[in-house]
There are 2 protein chains.
Amino acid sequence: MQKQRLLAVARGEGPADLVLRNLQVVDVLNHEVYPAAIAVCDGLIAAIDENCFGYEEHDLEGDFLCPGLIDAHAHIESTMLHPAEYARTVVGHGVTTVIANPHEIANVLGIEGILYLLKAGEVVPLDILLTVPSSVPATNLATSGGALSNKDIERLGNYPQVVGLGEVMDFPGVVAGKERLLNELSLFQGQVVDGHCPGLMGRDLQAYAAAGISSDHECVDTDEAAARLRCGMKVFFREGSAAHNLLDLLSLLNPHNERWISLCTDDLSPGDLLTKGSIDHLLRLAISAGVSPVTALRMATLNPAEHYRLWDRGLLAPGRRADMLVVDSLSDFKPKKVYRAGKLVAAKGQAADRTGGEPREPANLENTVRINWDRLDLRVLAQGTRMRVIGVVPDQLTTVCRIMPAHIIDGESLACPERDLLKMAVIERHRGSGQCGLGFVAGMGLQRGAMASTVAHDHHNLLVIGADDRSILTAARAVAAVGGGQAVALDNEVLALLPLPIAGLMSDDVIERVASSQNEVTLAAQRLGCRLNEPFMTMSFLALEVIPELKLTDRGLVQVRTMELVSLFVEN
Amino acid sequence: MQKQRLLAVARGEGPADLVLRNLQVVDVLNHEVYPAAIAVCDGLIAAIDENCFGYEEHDLEGDFLCPGLIDAHAHIESTMLHPAEYARTVVGHGVTTVIANPHEIANVLGIEGILYLLKAGEVVPLDILLTVPSSVPATNLATSGGALSNKDIERLGNYPQVVGLGEVMDFPGVVAGKERLLNELSLFQGQVVDGHCPGLMGRDLQAYAAAGISSDHECVDTDEAAARLRCGMKVFFREGSAAHNLLDLLSLLNPHNERWISLCTDDLSPGDLLTKGSIDHLLRLAISAGVSPVTALRMATLNPAEHYRLWDRGLLAPGRRADMLVVDSLSDFKPKKVYRAGKLVAAKGQAADRTGGEPREPANLENTVRINWDRLDLRVLAQGTRMRVIGVVPDQLTTVCRIMPAHIIDGESLACPERDLLKMAVIERHRGSGQCGLGFVAGMGLQRGAMASTVAHDHHNLLVIGADDRSILTAARAVAAVGGGQAVALDNEVLALLPLPIAGLMSDDVIERVASSQNEVTLAAQRLGCRLNEPFMTMSFLALEVIPELKLTDRGLVQVRTMELVSLFVEN
């Protein structure tokens, strides 16, 4: 019996699989660091004691041994990496468990996309645990590739890797008591239900908490975070590529509330993940801001483990999983070695190997861009002289609705780069319907050419913005030809291309090349005149019809406040 | 939809069922006390805000509102009270949830006894949540009334009121990896498994933790408690009638480890419960020893709620159960009002009423003392001159084995009060088999008469100790005649009697009379010469064959070290 062997090793009567000696145990519960050796048996910690022996033994020369890091909330799709490449990368940074919300792939592929991630998670050297995405699709004002029914959600809830319901983003709907949402919540009664409620305060926040929401990772200041803790909700301090909140929140931390605070990355770009790291980057940031290393570590180990009820991990103790990392400094947290369930999975920041073999995906994952080019018509016939134009707000997900005069030639409304007025098209790409939403955007700065992307929240249709129809078509066709991705084109020439063949969201390449290609498309867009820091990230939210004020989907212009389609041309 | 009403009240748009105004909310997570009003809807807290309105409103005149108290580990049977009377009593002390281990009644009635408690729990004003008793019966060296099979344990595990496996007392068996115990533990894989491991330290403690045990409430000093925390086990600070550990452990408490520390009573006598209280007594003790009131309260609310995964309670926040108590001082914690799920269940220390109606029990509960008097033979024929005698150690559960000369008259070995040598009989009372273990005990001090009890851990047979057979029989028959209990007799006269007709363990009377009768039997025993502080409690452990060194069961003398039956008379 496996357990009997574990107990024999614990008692000191049998050889362990692995013994690490001459190390400093970081005890995140008791906030202590003490010298010991550790014995591992069948993937579990059997004993922490000087007096251990095993088949394999290593001297750690006084280094620190910490529990494996847990990322409390992440979207793997944001890194644009194949799950195996994502795993290889983050384990190098000491992350042994990630709580992923597969919200993007679910919008493209429905439950099949989530089952793909579950399956991919079985062979990688990382525990990929999932929350079930809420609100897929977000609305019926766009055509998504996939939808999750309550039956799908129930089915997913039975998987052991599923730890709860993912960020419930339709917080106004929850607060208002919308039946569809309450039904969804009732499927997760008594389980973890993560929240997402930027800016929500006062009695509406209390209603959101009363509905059973148990966390929020969208806090941008200590007032918001304190209000959530007082409502009995846990708080995740986030530091991602698009949202830098950690340093603004640290002053809230005290010995009383700290148990309910965890760390998360949410959305990381491939470049940031490559150069800054994952949760280890958050630890370094927090420590450099004055947080004690053990406290910082606790927010990345025991606290998220307790939030997600992962009783088998989160600290180093007999019977827990041997998810462990070796560092020689508790302030810079650069993992020298990373063990997952007692197996060495990374050394010197590099995963032992890319487990999971060659990333050959099921055919349906790599064939998600289906466009009816014959039916596609990009012309906008002038039906007035003034238009509703999407006004970009730099570094924000929100837009404003601007009323601008149209640039009309031969009865057709065209882009006018001199006035920073660009044409925008959202081409339905899931069903090949030929449906296409057309509109105009101001604030991108592009002087010529076009940029296209199949990363377009949440429905991820093919979004193109450009100064002329030829460039628009070139960029769109370039992206479609590789099964999805991001491209910049000028006239008939493709200037830069990042292929994302997996669901149109993720690459099958290594992180170094993904980050480099992402950099190339960004630079190409900026060379054509775009003034934004992250042109493709900003663009990806111009189609998200649940964030104010004016957005474009494949069905047309959406006025978010009223949740209605509105005409491009303003009457009178 | 019920939830929609809750949310409307939370938003401030509908009337609550109950509003308490002008109060100080004690926020045990954030360690804050702040003025507010609270709105309750359908038994849940809907909002905490000055701006509430409801069908019923009360002004609390600035009193403090705390979460309902949770007793992390208690044996209801120890109080000798009917569950309804127990509930009535403890809610008066602010306890709204008790985690009860029905270990005693299970040894008498098996699963039927536990189902009885579950049923009783449905009608009382207290949440009685259960852990499934481990090791029923403790050994096969005694005849118990009930046994729990793995099938019973599995069945019980499916009840929503069952929160885990109860204190796993056979810790040497767990450490050694006994298959029966590992099978039992595997039924609760990933669930709460409470421990019980007095004195266990070092590698054996690590093995016990590695087996999946998640708590211990038997610590008597800070070294033991610290060792458990380091092993990833939670610690309950206990203060019961027989074990006063709280004050010895408080110095261990610090802001880091406190989240894993809870308070429990374990075993409370009716007298102590009546005069000192329940968990409220522990709060007062801790506070008088210098612990901050909010920290003390947290160990009796949020911490045990998190340990037992009771996500619906443990603090005052929207969506949590309205288990609340009103006190006018955070140092003396005398509940003025107690609400359970929003309903007033006690005021001024008294339950609103004894809910659960008249305590009419199923017939099998009141007919558990079945003795075959005809086959009973109390004579001990001398088979040698020197005997193994159970040596009482005052205030301890352990005994010593003393070798003493027998007092032989006409070939029969008799009690000899002059040498403090008393006869002890353990009469099988579950099956009417007539089986009876006979032996002698030293250290009780009884000069004449006899004392009898059906409370005799863990098998709860009829245990009698006396100076002569006539008194022994009188006491035994007196107890049997009322369906179980405790009695003191002299010759043919019953001097004092505490009837415990429910399973021979619990009374159907009110606590005042139970405590008073318990006092009477104690005094009667002391008047006959007994020198012990708690004669019946000490006596009740003389038959417990798992605690060293020499014990007597209905099957005979047990030498605990070897777990063997041994002869009364020493050879040679």
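I will try to describe carefully the structure that is included in this document. Residue positions are given per chain, counted from 1 along the sequence in the order it is written. A letter from A marks each chain and a number from 1 marks each ligand, given out in the order of writing. Local features in this predicted model are restricted to residues whose pLDDT is 70 or higher, and side-chain atom pairs enter the listing and the counts only when it is 80 or higher, whereas totals over whole chains, interfaces and linings include all residues. Heavy atoms throughout the structure, all of them, feed into the side-chain values; hydrogens and water do not.

### Considering the overall build of chain A
At step 1: When you go through chain A residue by residue, the secondary structure sums to 17 helices and 30 strands.
At step 2: In summary, chain A has a C-alpha radius of gyration of 25 Å against a globular reference of 25 Å for 572 residues, a match within 12%.
At step 3: Reported as C-alpha extents along the three principal axes, the dimensions of chain A are approximately 90 × 50 × 45 Å.
At step 4: Exposure classes here rest on a 1.4 Å probe applied to the protein chains alone. A residue is buried below 20% of its type maximum, exposed above 50%, and partly exposed in between. Within chain A, the fraction of its 572 residues that count as buried is 65%.
At step 5: The contact criterion used is simple: two residues touch if any of their non-hydrogen atoms lie within 4.5 Å. Taking contacts inside chain A between residues at least 6 apart in sequence as the whole, the part at least 24 apart equals 68%.
At step 6: Of the roughly 19,600 Å² that chain A leaves accessible, carbon and sulfur atoms contribute 48%.
At step 7: Once the 50 positive and 71 negative side-chain charges of chain A are each reduced to a mean point, those two points are 2 Å apart. To qualify as a helix, a DSSP run of H or I must reach at least 4 residues; to qualify as a strand, a run of E must reach at least 2; elements of each kind are numbered from the N terminus. Only C-alpha atoms enter the radius of gyration; for comparison, a globular chain is expected to reach 2.2 Å times N to the power 0.38, where N is the number of residues. Only the protein chains shown count as cover for residues, with accessible areas throughout obtained via the Shrake-Rupley method and a probe of 1.4 Å. Counted charges follow a simple rule, with Lys and Arg positive, Asp and Glu negative, and His plus the chain ends left uncounted. Here the site of a charge means NZ on Lys, CZ on Arg, CG on Asp, or CD on Glu.

### Things to note about the side chain of Asp127(B)
All names here are of chain B.
At step 1: By the element assignment, Asp127 lies in strand E8 (residues 127-132).
At step 2: Judged by relative accessible area, Asp127 falls into the buried class, the value being 10%.
At step 3: Here a polar contact is taken to be a pair of N or O atoms separated by no more than 3.5 Å, where protein atoms must pair a possible hydrogen donor with a possible acceptor and residues adjacent in sequence count only if both atoms sit in side chains. At 2.8 Å, the side chain of Asp127 forms a polar contact with the side chain of Arg313.
At step 4: A polar contact of 3.4 Å, which involves the side chain of Asp127, links it to the side chain of Arg321.
At step 5: Residues contacting Asp127, with those up to four places away along its chain left out, are Thr96, Thr97, Val98, Arg313, Arg321 and Arg340.

### Section: the relation of the copies chain A and chain B
Superposition of the two copies of the chain requires a rotation about an axis and a shift along the axis.
At step 1: The transform that puts chain A on chain B rotates by 180° and translates by 0.0 Å along the axis, for an RMSD of 0.1 Å. Within this description, the copies of the chain are treated as partners about a two-fold rotation axis. Among all C-alpha atoms of chain A, that of Pro255(A) lies closest to the rotation axis, at 2.9 Å.
At step 2: Of the interface residues in chain A, 100% have counterparts in chain B that sit at the interface too, so the contact is made through matching surfaces. In superposing the copies, a least-squares fit is computed on C-alpha atoms, taking residues whose pLDDT is at least 70 in both.

### As for the sheet that holds strand E29 (residues 556-559) of chain B
Residues and elements named next belong to chain B.
At step 1: The pairing criterion for strands is at least two bridges between them, as found by DSSP. Pairing is antiparallel across the open sheet formed by three strands, whose spatial order is E28-E29-E30. Bordering the open sheet on either side are strand E28 (550-553) and strand E30 (564-566), each of which pairs with just one other strand. Along the sheet, successive strands turn relative to each other by an average axial angle of 45°, direction set aside.
At step 2: Inspection of the sheet shows E29 paired to E30 by three bridges, in the antiparallel sense. Along E30, the bridge assignment pairs Gln559 with Glu564. Axes here refer to lines fitted to C-alpha atoms; in helices the fit is confined to the stretch in contact. Angles between the N-to-C directions go from 0 to 180 degrees.

### Here's the deal with the interface of chain A and chain B
At step 1: Contact residues are listed per partner, giving 60 residues for chain A and 60 residues for chain B.
At step 2: Defined here as a combined quantity, buried area equals the accessible surface (1.4 Å probe) lost by two parts on assembly, summed across both. Taken together, the two surfaces of chain A and chain B that pack against each other cover about 5,000 Å², and 51% of this comes from carbon and sulfur.
At step 3: When the buried surface of chain A facing chain B is broken down by residue, Arg203(A), Arg230(A) and Arg259(A) rank first, second and third, together holding 17% of it.
At step 4: By convention in these notes, a salt bridge is any Lys or Arg side-chain nitrogen within 4 Å of a carboxyl oxygen on Asp or Glu. Scanning the region where chain A abuts chain B turns up eight salt bridges.
At step 5: The partner of Glu258(A) in a salt bridge is Arg259(B), with the nearest N and O atoms 4.0 Å apart.
At step 6: Counting every contact that joins chain A to chain B gives 26 residue pairs in polar contact (both at pLDDT 80 or more).
At step 7: Every element with two or more residues in the side of chain A that touches chain B is listed here: helix H1 (2-11), strand E2 (32-41), strand E3 (44-48), helix H6 (171-176), helix H7 (179-186), helix H8 (202-210), helix H9 (222-230) and helix H14 (302-307) of chain A.
At step 8: Counting residues per element, the side of chain A that touches chain B draws most heavily on H1(A), which supplies seven residues.

### Side note on the pairing of strand E28 (residues 550-553) of chain A
All names here are of chain A.
At step 1: Burial along E28 is two-sided: the face carrying Leu550 and Leu552 and the face carrying Lys551 and Thr553 are both buried.
At step 2: Taken together, the four bridges between E28 and strand E29 (residues 556-559) define a ladder with antiparallel strand orientation. Residue pairing in the sheet places Thr553 in a bridge with Gly556 of E29.
At step 3: Between E28 and E29, which pair antiparallel in sequence order, lie two residues.

### Observations concerning H1(A)
At step 1: Buried within H1(A) are the following residues: Leu6(A), Leu7(A), Ala8(A), Val9(A), Ala10(A) and Arg11(A).
At step 2: Those residues of H1(A) hidden inside the fold are in contact with strand E1 (16-27), E2 and E3 of chain A together with helix H6 (171-176), helix H7 (179-186) and helix H8 (202-210) of chain B.
At step 3: At the C-terminal side of H1(A), Gly12(A) shows a positive phi close to 95°.

### Focus: the pattern of salt bridges
Residue and element names in this part refer to chain A.
At step 1: Overall, the coordinates contain 56 salt bridges over all chains when judged by the stated rule.
At step 2: Its salt-bridge partner being Arg238, residue Asp266 comes within 2.6 Å of it at the nearest N-O pair. Within this pair, whereas Asp266 is found in the loop between strand E13 (261-264) and helix H11 (270-275), its partner Arg238 is found in strand E12 (residues 234-238), the two being separated by 28 residues in sequence.
At step 3: The exposure class assigned to Asp266 is buried, which follows from its relative accessible area of 3%.
At step 4: Residue classification places Arg238 among the buried positions, given a relative accessible area of 7%.

### Brief notes about the packing of aromatic side chains
At step 1: By convention, a stacked pair of Phe, Tyr or Trp rings (six-membered ring in the case of Trp) has centres within 6.5 Å and planes under 30 degrees apart, an edge-to-face pair has planes over 60 apart, and any other such pair is tilted. Counted under the stated rule, the structure contains five aromatic pairs over all chains.
At step 2: Between Phe236(A) and Tyr308(A), the ring centres sit 6.2 Å apart and the planes meet at 50°, which makes this aromatic pair tilted. Remark: Tyr308(A) occurs in the loop between H14 and strand E14 (324-327) and Phe236(A) occurs in strand E12; sequence separation between them is 72 residues.
At step 3: Sitting over a ring, as applied to charges here, requires NZ of Lys or CZ of Arg to be within 6 Å of the ring centre and within 35 degrees of the ring normal. Positioned above the aromatic ring of Tyr34(A), the side-chain terminus of Arg230(B) is 3.5 Å from the ring centre.
At step 4: Looking at Arg477(B), its charged tip hangs above the ring of Trp373(B), at a distance of 4.4 Å from the centre.

### Quick look at unusual backbone geometry
Residues and elements named next belong to chain B.
At step 1: Cis geometry is adopted by the peptide bond preceding Asp458, which originates at His457 and carries an omega value of -15°.
At step 2: Looking at where Asp458 falls in the secondary structure, it is placed in the loop between strand E24 (450-453) and strand E25 (462-466).
At step 3: Cis geometry marks the peptide bond from Pro548 to Glu549, where omega comes out at 10°.
At step 4: Positionally, Glu549 belongs in the loop between helix H17 (535-540) and E28.

### A few points about the state of the cysteines
At step 1: Only a pair of cysteine sulfur atoms within 2.5 Å qualifies as a disulfide here. As enumerated under the stated definition, the model contains zero disulfides over all chains in all.
At step 2: A disulfide-free cysteine, Cys41(A) has its sulfur positioned 11 Å from the sulfur of Cys52(A), the nearest such atom.
At step 3: Judged by relative accessible area, which is 0%, Cys41(A) ranks as buried.
At step 4: Cys231(B) carries a free sulfur, and the closest cysteine sulfur to it, the one in Cys197(B), is 9.0 Å from it.
At step 5: Judged by its relative accessible area of 7%, Cys231(B) is buried.

### Here we look at the side chain of Asp554(A)
Residues and elements named next belong to chain A.
At step 1: Position of Asp554 among the secondary structure elements: in the loop between E28 and E29.
At step 2: Buried and unpaired, Asp554 has no salt bridge, with Arg555 as the nearest side chain of opposite charge at 6.3 Å.
At step 3: Within the structure, Asp554 has its side chain in polar contact with the side chain of Gln435 (distance 2.8 Å).

### Thoughts on the environment of Arg379(A)
Residues and elements named next belong to chain A.
At step 1: With respect to the helices and strands, the residue Arg379 is situated in the loop between strand E17 (350-351) and strand E18 (386-392).
At step 2: Sequence separation between Arg379 and Lys423 is 44 residues; the distance between their C-alpha atoms is 9.9 Å.
At step 3: Every residue in contact with Arg379, bar those within four places of it in the chain, is listed here: Glu412, Lys423, Leu438 and Asp469.

### Quick word on empty space enclosed by the protein
At step 1: Grid spacing is 1 Å over the protein atoms alone, the probe is 1.4 Å, and a cavity is where that probe fits but cannot get out, while a pocket is an open set with protein on both sides within 12 Å along at least five of seven lines and lining residues have an atom within 4 Å of a point. Grid points are joined across faces, edges and corners, and a volume is the space filled by probe spheres set on the points. Enumeration over the complete set of coordinates arrives at ten cavities of 30 Å³ or more.
At step 2: Lining the largest cavity are Lys234(A), Arg259(A), Trp260(A), Glu306(A), Trp311(A), Lys234(B), Arg259(B), Trp260(B), Glu306(B) and Trp311(B).
At step 3: Basically, the charged four are Asp, Glu, Lys and Arg, the nonpolar ten are Ala, Val, Leu, Ile, Met, Phe, Trp, Tyr, Cys and Pro, and anything else, Gly included, counts as polar. Grouping the amino acids of the lining of the largest cavity by side-chain chemistry returns four nonpolar, no polar and six charged.

### Description of the sheet that holds strand E23 (residues 436-442) of chain A
Residues and elements named next belong to chain A.
At step 1: Taken together, the eight strands give an open sheet; going across it, the order is E19-E18-E23-E22-E25-E24-E26-E27, and neighbouring strands pair in mixed fashion. Each edge of the open sheet is held by one strand with a lone partner, namely strand E19 (399-405) and strand E27 (493-499). Here the strands of the sheet are splayed against their neighbours by 25° on average, with no regard to which way each runs.
At step 2: Of the strands in this sheet, strand E22 (421-427), strand E24 (450-453), strand E25 (462-466), strand E26 (485-490) and E27 are in contact with helix H15 (residues 469-481), which crosses E26 at around 150°.
At step 3: This element, helix H16 (residues 511-527), spans E24, E26 and E27 of the sheet and lies at about 145° to E27.

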